[in-house]
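Structural description and commentary
The residues making up each chain are set out below.
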Amino acid sequence: MSYDRTETTSRTAWRNWAGNVTARPARTVSPASVDELSAVVRRAAADGLKVKAGGTGHSFTAVAATDGVRIRPDLLTGIREIDRTGSPATVTVEAGTPLKRLNAALAREGLSLTNMGDIMEQTVAGAISTGTHGTGRESASIAAQVRALELLTADGSLLRCSAEENADVFAAARVGLGALGVITAVTFAVEPVFLLTAREEPMSFDRVTAEFDQHVAENEHFEFYWFPHTGNCSTKRNNRSAGLPAPLGRVSGWVEDEFLANGLFEVVCSVGKAVPMVIPPLARVSSRVLSARTYTDIPYKVFTSPRRVRFLEMEYALPREHVVEALREVKAMVERSPLKISFPVEIRTAPADDIPLSTASGRESAYIAVHLYRGTPHRSYFTAVERIMIAYGGRPHWGKVHTRDAAYLAGVYPRFAEFAAVRDRLDPDRLFGNDYLRRVIGD
């Protein structure tokens, strides 16, 4: 089969969204069907090349990097089927479909995912494979909403996986890191579209940490941001509403979400990068700029926000009962160090789920995410935070910067060996391997 239409053979550099990961694939292919994809995988195996699928590059790790064959899923997009007869209803979507297109298409059909993260640029396969999540008292990550998936394996065959069919593969592949094969389609549970009321409110660090458990218990979705070098936080509470839509006004929404949260914030970050000593006073001012606001809209317009300022991120999942203690340690560490941190620290929650490599696998979890503006030296800050996280048995987000290896991860994931066994069976020759997977899962 010829791939003149979809294949690039020059070793053009690929970079992720943040610009911290670069790779030079031997060839890049954009198959337009599962049959073409199968032929690509078989040919790569015959040529002795590794295979990795990569979407929009929103992972901060090298999980999708390869010097072999890079599969772009650009042509494997769109909704295959909506089934309203089941409980829950489901939507089956091609794996390369960006979440933002899925969300818009579902809204037109009067449907919605139950929960989602705050960024929707990723492909559906990339989002579930790395454990992308939002925040929720009872509603879990995007991967936990998957009811079935299709997986193209190392021999070029297609496995259909669900709780009833190839159940062990289904359990592992929902957060599969691209280590088990190439996902070609995903079936999500969906529900009739609903309204969420978002209440955003400034709050002191001392108050929000003292009341954290109360806020989590009283709200369907609770998260907050702490601004380093200050005692200030911004909280967000999302709850279902039986009232009428009351979306953000076009002008007020633009001012807060585009001008302040993106445009002005990028200026502040750029100045801080050039002159780090101005970061603390700028933080004290900027942390007071965003005011309280309340609005009601359909889910994806409440859960997600534009993120135009590029950054590096590290995020750890902790047992929920330890998150406040760990965050206070992070704050104390920043205050006694010479570090100058311009990005807020984000805290979210998730219920326990049953996915072997989910960061919430088997335990109620809370997340601490730290960020730095792109191009800013990050090792000192991330290393200091990571040291705190691992003391609490933290699990790093698979798509965000961390230094953990298979020996550590096997100790914090009780079902780690189960995942490794599925991988050994499906990909014994490591056709879908790369350096990142070798570090975090092993040879």
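Parameters at a glance
- Residues numbered from 1 in each chain as written.
- Predicted model: local features only at pLDDT ≥ 70, side-chain atom pairs only at ≥ 80, totals over all residues.
- Heavy atoms only, no water.
- Core = buried A, V, L, I, M, F, W, Y, C linked by side-chain atoms within 4.5 Å.
- Buried < 20%, exposed > 50% of the residue type's maximum accessible area, 1.4 Å probe, protein only.
- Phe/Tyr/Trp six-rings, centres within 6.5 Å; stacked < 30°, edge-to-face > 60°.
- Helix = DSSP H or I, 4+ residues; strand = E, 2+ residues; numbered from the N terminus.
- Lys NZ or Arg CZ within 6 Å of the ring centre and 35° of its normal.
- Contact = heavy atoms within 4.5 Å.
- Pairing = 2+ DSSP bridges.
- Lys, Arg positive; Asp, Glu negative; His and termini not counted.
- Salt bridge = Lys/Arg side-chain N within 4 Å of Asp/Glu carboxyl O.
- pLDDT = per-residue confidence, 0-100.
- Axes fitted to C-alpha atoms, helices over the stretch in contact; angles between N-to-C directions.

**A short note on the nonpolar core**
Among the nonpolar cores identified, the biggest contains 60 residues, and L177, F188 and W398 are the most heavily contacted of them. Within the second largest apolar cluster, 45 residues are counted, among which are F212, C233, Y316 and V330.

**A few points about the packing of aromatic side chains**
Counted by the stated rule, this structure contains eleven aromatic pairs. Ring centres of F265 and F343 lie 4.7 Å apart, and the angle between their planes is 75 degrees; this geometry places the pair in the edge-to-face category. With F265 in helix 7 (residues 250-274) and F343 in the loop between helix 10 (323-336) and strand 18 (345-350), this pair connects stretches of sequence that are 78 residues apart. When sorted by exposure, F265 lands in the same class as F343, which is buried. Among the aromatic residues, those joined into a ring-pair cluster are W17, F60, F265, F311 and F343. When the ring centre of F205 is taken as origin, the NZ or CZ atom of K331, which lies over that ring, is 5.2 Å away.

**Thoughts on the environment of F311**
Position of F311 among the secondary structure elements: in strand 17 (residues 311-319). In this structure, the C-alpha to C-alpha distance between F311 and L264, residues 47 residues apart in sequence, is 15 Å. Apart from residues no more than four positions distant in its own chain, F311 is found in contact with W17, A18, F60, F343, H371, L372, Y373 and R374.

**As for the pairing of strand 10 (residues 146-152)**
Taking burial as the measure, the seven residues of strand 10 include five buried ones, the bulk of the element. As paired elements, strand 10 and strand 11 (residues 158-162) share five bridges and run antiparallel to each other. The residue of strand 11 that forms the bridge with L149 is C161. Between strand 10 and strand 11, which pair antiparallel and follow one another directly, the connecting turn spans five residues, one of which, G156, has a positive phi of 85 degrees.

**Details of unusual backbone geometry**
In this structure, P88 follows S87 across a cis peptide bond, with omega equal to 10 degrees. Considering the arrangement of structural elements, one finds P88 in the loop between strand 7 (79-83) and strand 8 (89-94). At N166, a residue that is not glycine, the phi angle is positive and equals roughly 50 degrees. On the secondary structure map, N166 appears in the loop between strand 11 and helix 4 (167-173). One non-glycine residue, R430, lies in the positive phi region at around 60 degrees. Mapped onto the elements, R430 comes out in the loop between helix 13 (416-426) and helix 14 (435-440). Since its relative accessible area comes to 14%, R430 is described here as buried.

**Brief notes about the pairing of strand 16 (residues 293-297)**
With four of its five residues buried, strand 16 lies for the most part within the structure. Summarising the sheet, strand 13 (residues 195-204) and strand 16 pair through five bridges and their orientation is antiparallel. Bridging across to strand 16, T197 finds its partner in T296.

**Here's the deal with the side chain of D427**
For D427, the position within the fold is in the loop between helix 13 and helix 14. Of the side chains bearing the opposite charge, R423 lies closest to the buried D427, which forms no salt bridge; the N-O distance is 5.3 Å. Every residue in contact with D427, bar those within four places of it in the chain, is listed here: A154, A179, F432 and G433.

**Observations regarding the confidence of the model for the chain**
When pLDDT is averaged across the chain, the result is 94; 96% of the residues are at 70 or more. The model gives residues 1-5 a pLDDT under 50, and that stretch makes ten contacts with residues more than four places away or in other chains.

**Re the sheet that holds strand 19 (residues 365-373)**
The strands that make up a sheet are held in pairs by hydrogen bonds between backbone atoms, and each pair lies either parallel or antiparallel. Across the sheet, which stays open at both edges, the eight strands sit in the order 16-13-15-14-18-19-17-20 with antiparallel pairing between neighbours. Whereas interior strands pair on both sides, the edge strands pair on one side only; in this sheet they are strand 16 and strand 20 (395-396). Here strand 14 (residues 221-226) pairs with strand 15 (residues 232-241) via six bridges, running antiparallel. Following the sheet pairing, H221 is matched in strand 15 by N238. Packed on one face of the sheet, helix 10 meets strand 14, strand 17, strand 18 and strand 19 and runs near 15 degrees to strand 14. Relative to strand 17, helix 11 (residues 379-391) is tilted by about 10 degrees, and along the sheet it contacts strand 17, strand 18 and strand 19.

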